[in-house]
Amino acid sequence: MTIKLKQHIDPSLTPVLEEVYDPEIPVLSLMDMGVVRYAQIIGDKVHIKITPTYSGCPAMDVMAEDIVKAFAEKNMDAEVELVLSPAWTTDWITERGKKALEKYGIAAPLEEKLDKAALLGNEKIVRCTHCGSTNTKMISQFGSTACKALFQCDDCQEPFDYFKCLK
Amino acid sequence: MKNDNLIQYIFSIADNALILGQRLSELCGHGPSLETDIAMTNMALDLLGQTRSYFQYAAKLTGEDKTEDDLAYLRTERQYRNVLLVEQPNVHFGYIITRQFLFDAFHLLLLQKLQNSTDETLSAIAKKSIKEVSYHFRFSSDWMKRLGDGTEESHAKVQEAVNNLWTYTDELFHNLDSDNEIITQGVGVDLSELKDSYYEKVKEVLTDATLVIPETKYFQKGGKKGIHTEHMGYLLADLQYMQRTYPNMKW
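What you see is a predicted model; the values in this text were computed from it and never measured.

S.K.: Sorry, what's going on with the overall build of chain A here?
M.R.: Of the regular secondary structure elements, chain A holds six helices and nine strands. Relative to a compact globule of 167 residues, whose C-alpha radius of gyration would be 15 Å, chain A shows 17 Å and is just as compact. Overall, the C-alpha framework of chain A stretches about 55 × 25 × 25 Å when taken along its three principal axes. Every one of the 167 residues in chain A was classed for burial, and the buried ones make up 43%. Contacts in chain A between residues far apart in sequence, at least 24 positions, make up 51% of those at least 6 positions apart.

S.K.: I'm lost on helix α10 (residues 231-245) of chain B in this one. Help?
M.R.: Owing to its 3.6 residues per turn, the α-helix brings residues three or four apart onto one side. Residue and element names in this part refer to chain B. Helix length check: α10, at 15 residues, gives a terminal C-alpha distance of 21 Å against a target of 21 Å (1.5 Å per residue), a fit within 8%. The largest bend along α10 reaches roughly 50 degrees and is located at Leu 239. Taken residue by residue, α10 has Met 232, Leu 235 and Leu 236 as its buried positions. Buried positions along α10 lie against α1 (4-25) and α4 (84-87).

S.K.: Looking at this structure, how should I read helix α2 (residues 34-61) of chain B?
M.R.: All names here are of chain B. Taking 1.5 Å of rise per residue, the 28 residues of α2 would be expected to cover 40 Å, and the 41 Å separating its terminal C-alpha atoms lies within 8% of that figure. Of all the 28 residues making up α2, 21 are buried; the element is thus mostly covered by neighbouring parts of the structure. After α2 finishes, the residue Gly 63 shows a positive phi value of roughly 70 degrees.

S.K.: Teacher, can you tell me more about the sheet that holds strand β5 (residues 77-82) of chain A here?
M.R.: Residue and element names in this part refer to chain A. With mixed pairing, three strands are arranged side by side in an open sheet as β3-β4-β5. In this open sheet, the two strands that pair with only one neighbour each are β3 (36-42) and β5. For this sheet the average axis-to-axis angle between neighbouring strands, irrespective of direction, equals 15 degrees. In this structure, β3 lies alongside strand β4 (residues 45-50), joined through six bridges in antiparallel fashion. Looking at β4, one finds that Gln 40 is bridged to His 47. Across the face of the sheet, helix α4 (residues 59-73) comes into contact with β4 and β5 while running at roughly 160 degrees to β5.

S.K.: Could you clarify how one ought to interpret the nonpolar core in this entry?
M.R.: Most often, soluble globular proteins keep nonpolar side chains buried together rather than apart. Ranked by size, the top nonpolar core spans 120 residues in total, and within it Leu 30 of chain A together with Ile 10 and Leu 85 of chain B carry the most contacts. When we break this core down by domain, the ones giving at least three residues each are domain 1 (2-92) and domain 2 (105-163) of chain A. Contacts of Leu 30 of chain A, omitting those with residues within four sequence positions, involve Leu 17, Val 20, Asp 22, Val 35, Val 36, Ile 50 and Met 63 of chain A.

S.K.: Can you walk me through the interface of chain A and chain B in this structure?
M.R.: As a measure of interface size, the accessible area lost when the parts come together is often cited. Tallying the contact residues gives 15 residues for chain A and 20 residues for chain B. By residue class, the composition of the side of chain A that touches chain B is nine nonpolar, five polar and one charged.

About the thresholds
Residues numbered from 1 in each chain as written. Chains lettered and ligands numbered in written order. Predicted model: local features only at pLDDT ≥ 70, side-chain atom pairs only at ≥ 80, totals over all residues. Helix = DSSP H or I, 4+ residues; strand = E, 2+ residues; numbered from the N terminus. Rg over C-alpha atoms; globule rule 2.2 N^0.38 Å. Buried ≥ 20, exposed ≤ 12 C-beta atoms within 10 Å, placed from the backbone. Contact = placed C-beta atoms within 7 Å. Expected span 1.5 Å × (residues − 1). Bend = angle between axes of the 7 residues up to and from the residue. Pairing = 2+ DSSP bridges. Axes fitted to C-alpha atoms, helices over the stretch in contact; angles between N-to-C directions. Core = buried A, V, L, I, M, F, W, Y, C linked by C-beta atoms within 7 Å. Domains from an automatic or database assignment. Nonpolar A, V, L, I, M, F, W, Y, C, P; charged D, E, K, R; others polar.

Purely geometric numbers; function is a separate question.
Listed below in structure tokens is the structure:
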């Protein structure tokens, strides 16, 4: 899916899109998050398609505005459209994006099977972003935003966010 | 109105998400604990997000100069097609969780079928929503077990909620005559087909939660035809206040 996705993105537009960040996770660019599905110049206009992480994600409107603003700074006129299909998955977060998440204090999503085991409390595998221990437990399936779950480390006692796997 | 049957069908799905989303958002800042508060408002956000996708599509289908806001805020009570279950009030946490659980189990089954709809937009919205609703169902099922198999008091409260809300479950599976064509075209889902798997799934969780399954044969219905319970008017007064007071206002 990732490969197919990239094909629709005009490489000359990538540098601008890499400078636009998720307003709620300001270390993750829209490119690294994998929400940009299409970016082409048609005529004298930049056409961008983005897909929401979660249906009600309030950050989507801000992202669309930020994209238009970023291109406006380069004197380019951009138009952003929201598309639903195919639905976004955490698999589209790039490796660089996952590292940025961890550094920011949000544990990156595990694979689907491991994610389920972690959320059901069957296995202690989510690594604490503060001390690195896997002696952690889920406090709540829903964290500060829809895309995250709240965890706590039983070693350093600190709470942290875990980016839930979405498939 | 053009595409009237399809628009009505979309309402029958979207209004459930809208009204339950509204009920859950009433809890913002009022949940019994920070985590449950955040969880329920997160679910409200998912449901309202799904509603927006449905309404944006329905607004386009009207072929008139309508917006998602017109559809959400400017219909009268009789024009809302949500089931009675989702408009029931936030009596207490056990009640809220039971209402959520009884709806989530249905919602997930519905979306699993709707993703195969011949209508591309409905299929896309369903595929997106399934991922979110799976989390809702997991959350509400976990809480059913925790409350049912919890203290004497939590057990009694949640059992009472099950007994009360059970009477609203049958309506989930009613197809309306106006939906027949939509179902035959493969656009909509034949709800009666979901019934057996629904009760099987629900009973499994309730049994795990040490709760007794009600044996009532009497069921309430009407919401889908616009005949709502007394709670609906109050809910709509809250929901529609801004648009009614300041027509055409925008954020």
